[in-house]
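# Commentary on secondary and tertiary structure
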Amino acid sequence: QLAIEDLPDPGNSQAVFAFAMSFNGYEHFGSLSASTAAAKQRKRATLIDVRNELFTVARASRHMENDAYINSYRELLPILRELITSDM
């Protein structure tokens, strides 16, 4: 169960990356391809949807050696907050 306080500041790239990696889409969906396919749908209806999308972007950023995941996190942050608040 996530709380608003668990969401890192977007200015702290290491904390954002650690948060993104705290959900493992490969394990949840059963494979790299299933996790990626789910992320590409950009459903954003549940915390699983959003966390998987962030996980996938962060993994891609690591492989491409960039910080694109920060912009994705900034975009997803209001959705994460809304989903956490509505889950309470």
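Just so we're clear, the structure is a prediction, and the values are computed from it rather than from any experiment.

### Digging into the packing of aromatic side chains
- All told, the structure shown has three aromatic pairs when counted by the stated rule.
- Look at Phe17 and Tyr69: their rings are 5.5 Å apart centre to centre, the planes differ by 70 degrees, and that puts the pair in the edge-to-face class. Note that Phe17 is positioned in helix α1 (residues 13-21) and Tyr69 in helix α5 (residues 68-87), a separation of 52 residues in sequence.
- Under the relative-accessibility criterion, Tyr69 is labelled buried at 9%.
- Summarising the aromatic geometry, the rings of Phe19 and Tyr73 are spaced 6.2 Å apart at their centres and angled 65 degrees between planes, so their arrangement reads as edge-to-face. Of the two residues, Phe19 sits in helix α1 while Tyr73 sits in helix α5, which places them 54 residues apart along the sequence. This pair shows no difference in class: Phe19 is buried, exactly as Tyr73 is.

### What to know about the nonpolar core
- Leu7, Phe19, Leu47, Leu54, Tyr69, Tyr73 and Leu80 are the most contacted members of the largest nonpolar core, which totals 18 residues.
- Where this core is concerned, the elements lending two or more residues are α1, α4 (47-64) and α5.
- At eight residues, α5 tops the list of elements feeding residues into this core.

About the criteria used
Residues numbered from 1 in each chain as written. Predicted model: local features only at pLDDT ≥ 70, side-chain atom pairs only at ≥ 80, totals over all residues. Heavy atoms only, no water. Phe/Tyr/Trp six-rings, centres within 6.5 Å; stacked < 30°, edge-to-face > 60°. Helix = DSSP H or I, 4+ residues; strand = E, 2+ residues; numbered from the N terminus. Buried < 20%, exposed > 50% of the residue type's maximum accessible area, 1.4 Å probe, protein only. Core = buried A, V, L, I, M, F, W, Y, C linked by side-chain atoms within 4.5 Å.

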